[in-house]
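Breakdown of the fold
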Amino acid sequence: MNKNTGQGGLFFLFKGVPLSCILVGLFVLQIILAVGLTAYLSISNGQKAVNEVASELRREVANGVEQNLQTYLSTPRQVLRSNQNLIDMGLLKIENLATWEPYLIEQLKIFPDALALTASNEQQEYLAVEKLNDRQFLLRKASKSTGYDLYTYRIDSQGQRTQLPEVIKNYDPRSRPDYQTVVTAKKFSFSQIFTPLTEPTLFISASQPIYNSQGELLGVNSTLTHLSEIGDLLQNIKVGKSGQIFIIERSGLLVASSTTEEPFRLQNGKPIRLAASQSGNSFTQATAKYLATKFSNFDQIQSLQQLDFSFEGKRQFLEVRPLQGEPNVNWLIVVAVPEADFIGQIDRNIQTTIFVCLGALGLAILLGIVTARWITQPILDFSTATKDLADFTNGEDSVVKVQGIKELEVLGESFNEMAQQLRKIFITLTTKNQELELQVKQRTQELQQEIQERINSEGRLGQHNRVLAELANHKAVFEGNLETAFKVITEKAANALEVERVGVWLFNSDTYGGLRQRSKLQCISLYERSKQRHSTGLERNLADYPIYFKALAAAHTITVTDTRTDPCVQELWNELLEPNNIVSLIDTELWVDGEVVGTVLYEQIGIKRTWELSEQNFVSSIAQFVALTLEICDRIRAESALREAKEVAEMANRAKSTFLKNISYELRTPLNSILEITESLQNQVYGLVSEEQRQSLNILESSGKNLLELINQILDLTDIESSKIELQLANTSIRGLCDSSLSFVKHLAFQKNIHLSLQIPEELEPIQVDERRIRQVFINLLTNAIKFTKEGGKVWIEVQPNFTNKYIFFSVVDTGIGMLSDDLFKLFQPFMQVENASTRRSTGSGLGLVMVQKIVELHGGTVHAESQLGKGSRFTIKLPWKKVGE
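Residues numbered from 1 in each chain as written. Predicted model: local features only at pLDDT ≥ 70, side-chain atom pairs only at ≥ 80, totals over all residues. Heavy atoms only, no water.

**A closer look at the sheet that holds strand E11 (residues 254-257)**
Read across the open sheet, the five strands follow the order E11-E10-E16-E15-E14; overall the sheet is antiparallel. Looking at the sheet topology across the chains shown, the edges are occupied by E11 and strand E14 (305-311). Neighbour-to-neighbour, the strand axes of the sheet open up by a mean angle of 25°, direction not taken into account. Sheet contacts for helix H5 (residues 228-235): strand E10 (244-249), E11 and strand E16 (331-338); angle to E11, the most-contacted strand, approximately 40°. Packed on one face of the sheet, helix H6 (residues 282-294) meets E10, E14, strand E15 (314-322) and E16 and runs near 120° to E14. (Pairing = 2+ DSSP bridges. Helix = DSSP H or I, 4+ residues; strand = E, 2+ residues; numbered from the N terminus. Axes fitted to C-alpha atoms, helices over the stretch in contact; angles between N-to-C directions. Contact = heavy atoms within 4.5 Å.)

Have a look at this one:
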């Protein structure tokens, strides 16, 4: 169809009116309408956006605060739950609080939010560990050993314990409010927020009652935490430009705020809780008073509340929600945001939009007047031709002829060529579209089938995961109860895989040459799904099925789709598989401690089955649970044997100590009598004695005193080994300690003309030790040094701190006979002496150096010996040293 451009249609209705004026008028009208509509929508949508953004911001902030609070409050629950788990496993006993001390200290290091951890029991025993800083702790303890008085100790980074003067007589932790509260509640609970008298802050405690298997109360485990960190947390959350967050109790008392204001005030030096309506922050105070007016009782707020109110003539958005999920924690989270934080930028954007629209209006009018007459008519002609071109269904060709403008004539010719090409393309696309619709229909059917198969596979996988999750939480698995665990595992595995039989088979445990023999498989647990029956006792011998046993050793998993043709199980077909109609099976190995100990066998009857990868992964996971049960059972047996052996060793040690103490006391009584009679004879109480008799009496006296010294050393050593010695620590002058020790052995050195000396730095600070015990150490070392130093030799003490001043070294050095380095290991063994010509001439019990080592170790130190034959020896003592005032 040929068309010529000309005047008609719409132009006829506006006859006599220039088209440029019509277009400019309509364009101006459109711009005016657009500006008005834009302004209206901007204001309306701006207000709506403010409400939505404010609501979303309040909700997001409140959600974040609630999540952080739940995370913060979950720390005490985690601490107490981990303790409960250890108690349930028998690793901690509430009846024996002595084992809790190191564990509570480590827990305070792991959980930095916790301030203190306590444990108390029904026997009136109490143990509390409080963290002073990362390196120091306070220990409070009351037990039978303290006469149920509460003692307080300071523990430093080295683990040294120093008793503080604070002692509370006849302390009963069962009368504490937190103990009574949780016993009444009979479950985990938080205490009310409280303010201590000694520190301006807020605390909250969490407690867990501990019961035995009969439901009898054994004690209470508690933790104490600061609430000041909640305020720090709120201050780090930004709410608009000037919004605030605060947390209150149902009573209206302030818990924490995003402002710098503390939730309490000091009155006569004591912290007093602050109500939110009495806050020094005017915004917080106004918000709290509005809530008090809105809700006569805060207990009415049981769900999320989004409100708004006016403060200083401006609208404020408000969200209140109760904290959920924690017992006895009945708090309200309040988020308040001024509307001005959002509306200012929106107002500026509306003004900018209006100015831009007005500017565009003026520019459009100017450009419309200039260009309307130049381009309007040809554009309208092409618009009409384009509408005809868009309708390819009319079967006619659209041809446009343009005259008057050279460029538009060229455009018209191009347009006509394009129209013909588009028609051809339209016909081709119609054909292709029909073909694609057919292909899409076929592919849709295929995808539906694939989706259904995937849904079925995901369903099976989900069932497998649920079974594994149930086994992971099953009590019998983690108690090593083989019979119950294997019954549960085989039954659940058979139902999940929908197989007839699942059995656990273990190799015989006979050993030869230190190696496990795999000559026989014994069925420990077999479950038959159709009969819902468990059985045991089946066996398979290597001699009867060598190929099957070889296949088990070569492959981690034997997967058989058809048992009639698979060579691995052909030996089993006639006797075992065919009679039971087993046509498919899968057999996976059990590994325990790097060794194959058996298999888990799954047997399918009736029809062949191709084992999918997910099913193979599932049977491997089941095998791991069986192996885990075996490992736990072995571990429980080993732990039981170890406990029995430990008890036997402790009984033997106590018997040895008792025997030594009793025999020593029995020997010392007659020996003292002998020494008294000897002294009377020497003093000629019973008459004159001859010179030969006097010499014999002197020998008798010397031997008796040596024997008495040996008995005393044995008693001291027995007391140390049985931990009956309590050190009396006190600040002691280092120089005075060394001088007094040298003075004690001065007469021995004088007899052998041995020179004694002291090498010590000036102005050393005192050391905290048991002065009598350490002096005994120095005297023993000096006596030995003098004993094994020839006449005219030298013996001296060297004192030298280390470069950090944490330790100080005392060395007793001599120029004596020395010894071989290979003999040094014998020095600190009881009743052992190094044999050489000189030592054989010297008397000794062999206990002196043992006593030295034990006493130094009680002080947290060590002893080190160095010696060279013929050149002398050096014994060095390393002791902890803390300067006074640190």
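Moving on, there is more to tell.
**Here we look at the pairing of E16**
With eight of eight residues buried, E16 lies mostly within the body of the structure. Side-chain alternation along E16 places Trp331, Ile333, Val335 and Val337 on one buried face and Leu332, Val334, Ala336 and Pro338 on a second face that is also buried. Bridge analysis of E10 against E16 gives six bridges, and the strand direction is antiparallel. Residue pairing for E16: glutamate 249 is matched across the bridge by tryptophan 331. For E15 and E16, the ladder comprises seven bridges, and the chain directions are antiparallel. The residue bridging proline 322 from the neighbouring strand is leucine 332, located in E16. (Buried < 20%, exposed > 50% of the residue type's maximum accessible area, 1.4 Å probe, protein only.)

**Describing the confidence of the model for the protein chain**
Per-residue pLDDT for the protein chain averages 79, and the proportion of residues at 70 or more is 79%. Contacts for the low-pLDDT stretch residues 3-8, under 50 throughout, to residues beyond four places or in other chains number 11 contacts. In this model residues 837-843 is a low-confidence stretch, pLDDT under 50, and it forms nine contacts with partners more than four residues away in sequence or in other chains. (pLDDT = per-residue confidence, 0-100.)

**A look at the environment of glutamate 589**
Tracing the chain through its elements places glutamate 589 in strand E25 (residues 582-592). Contacts of glutamate 589, omitting those with residues within four sequence positions, involve Leu552, Ala553, Ala555, His556, Val596, Gly598, Thr599 and Ala623. Polar contacts involving the side chain of glutamate 589 include one to the side chain of tryptophan 591, which spans 3.1 Å. (Polar contact = N/O pair within 3.5 Å; in protein donor to acceptor, adjacent residues only side chain to side chain.)

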